[in-house]
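In case you want the letters, here they are:
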Amino acid sequence: MDSREWFEELTAEAIDDLPEWVRERLDNVDVLVEDEPPPGQPGLLGIYQGIPLTRRSSVSYSGVLPDRITLYRSTIEGVARREGRQLKDVIGHTVVHEFAHFFGISDDRLREIDRY
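Predicted model only: the values in this text are computed from it and were never measured.

**As for the side chain of Thr 70**
Phase 1 of the analysis: Mapped onto the fold, Thr 70 is located in strand 3 (residues 67-72).
Phase 2 of the analysis: Looking at Thr 70, the relative accessible area reads 5%, which means it is buried.
Phase 3 of the analysis: Beyond its immediate stretch of four places on either side in the chain, Thr 70 contacts Leu 32, Glu 34, Leu 45, Gly 46, Ile 47 and Gln 49.

**Regarding the packing of aromatic side chains**
Phase 1 of the analysis: For the structure on display, the rule yields 4 aromatic pairs.
Phase 2 of the analysis: With a centroid separation of 6.1 Å and 80° between ring planes, the pair formed by Tyr 48 and Phe 102 is classed as edge-to-face. Highlighted residues: Tyr 48 in strand 2 (residues 46-49) and Phe 102 in helix 4 (residues 87-102), separated in sequence by 54 residues.
Phase 3 of the analysis: Relative to Phe 102, the ring of Phe 99 lies with its centre 6.1 Å away and its plane at 85°, an arrangement referred to as edge-to-face. Taken together, the positions of Phe 99 and Phe 102, both in helix 4 and 3 residues apart, correspond to about one turn of that helix. Per residue, the accessibility class of Phe 99 equals that of Phe 102, and both read buried.
Phase 4 of the analysis: Within the aromatic cluster, the residues linked to one another by ring pairs are Trp 21, Tyr 48, Phe 99, Phe 102 and Phe 103.

Reading the values: the criteria
- Residues numbered from 1 in each chain as written.
- Predicted model: local features only at pLDDT ≥ 70, side-chain atom pairs only at ≥ 80, totals over all residues.
- Heavy atoms only, no water.
- Helix = DSSP H or I, 4+ residues; strand = E, 2+ residues; numbered from the N terminus.
- Buried < 20%, exposed > 50% of the residue type's maximum accessible area, 1.4 Å probe, protein only.
- Contact = heavy atoms within 4.5 Å.
- Phe/Tyr/Trp six-rings, centres within 6.5 Å; stacked < 30°, edge-to-face > 60°.

Structure follows, in structure tokens:
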């Protein structure tokens, strides 16, 4: 198994490790792994793109493309190396962080509850 396959497997495990009530709400959301973050954002671990659950209604959320959570492998691997953390832990933290945005939780709120 190459490093990308292993990374994707760890990502799938992190999603499987989410509480059941979270996994039950995961409707119309894709999780992707990209090797590099977008230009100009070299430290980005992941990003949520879509309409958070708190802003959806049957009228405003009809026929839309799936929301996306993208994890950036090179950045996450770099953080794990620099901080001496297990790759699985950094992936898990990033998955939880991005799914928090899916649920409508802002970065400011994540900082308030010490989960940033």
